[in-house]
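Coordinate inspection notes
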Amino acid sequence: MKIGRNDPCHCGSGRKYKHCHYEEDAAAELKAFKEAAEKSAQEAEKAASEEAESSGADRSEKRTGRSDSSQRTGRGPIPGGNAKAGGNSPRTAPRATRGAQRGG
């Protein structure tokens, strides 16, 4: 169970945890998370490089990360894509103002 900030400190000083060892413990926990993240990133990079070496892909696939058959041909919008992000909005003309809608 984790110690609450307002609980007595685990060192036995009688002070609240937030005033005694909270900052030290938080810094140690952050350091441990950073080390674990670095180790994980290094392992993922190593696995990716080993996979690239073991595959029989040619240079273009290694450079682009995909084969020629999976590249987009430029034929229309991507199905299910965001219309605003792709610039393929169904409304091309700007919207009429209130005065123009009322006929004035």
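The rules behind these values
Residues numbered from 1 in each chain as written. Predicted model: local features only at pLDDT ≥ 70, side-chain atom pairs only at ≥ 80, totals over all residues. Heavy atoms only, no water. Helix = DSSP H or I, 4+ residues; strand = E, 2+ residues; numbered from the N terminus. Buried < 20%, exposed > 50% of the residue type's maximum accessible area, 1.4 Å probe, protein only. Contact = heavy atoms within 4.5 Å. Areas by Shrake-Rupley, 256 points an atom, 1.4 Å probe, with all protein chains shown as cover. pLDDT = per-residue confidence, 0-100. Phe/Tyr/Trp six-rings, centres within 6.5 Å; stacked < 30°, edge-to-face > 60°. Lys NZ or Arg CZ within 6 Å of the ring centre and 35° of its normal. Disulfide = S-S within 2.5 Å.

1. Looking at the overall build of the chain
- When you go through the chain residue by residue, the secondary structure sums to 5 helices and 0 strands.
- The N-to-C order of helical and strand elements in the chain reads α-α-α-α-α.
- Within the span of the chain, comprising 104 residues, buried residues form 2% of the whole.
- Partitioning the intrachain contacts of the chain with sequence separation of at least 6 by distance along the chain shows that 3% fall at a separation of at least 24.
- By element, 49% of the accessible surface of the chain is carried by carbon and sulfur atoms, the whole surface being about 9600 Å².

2. Brief notes about the confidence of the model for the chain
- Of the residues in the chain, 58% reach a pLDDT of 70 or more, and the chain-wide mean stands at 76.
- Mean pLDDT per element in the chain: helix 4 (residues 83-86) is the minimum at 51, and helix 1 (residues 17-20) is the maximum at 94.

3. Comments concerning the packing of aromatic side chains
- Taken as a whole and assessed by the stated rule, the structure comprises 1 aromatic pair.
- With centroids separated by 5.8 Å and ring planes inclined at 85°, the aromatic side chains of Tyr-17 and Tyr-22 adopt a geometry described as edge-to-face.
- A relative accessible area of 8% places Tyr-17 in the buried class.
- Geometry around Tyr-22 places Arg-5 over its ring, the cationic atom sitting 5.2 Å from the centre.

4. With respect to the state of the cysteines
- This model, assessed by the stated rule, comprises 0 disulfides.
- In this structure Cys-9 is a free cysteine whose sulfur lies 3.5 Å from that of Cys-11, the closest cysteine sulfur available.

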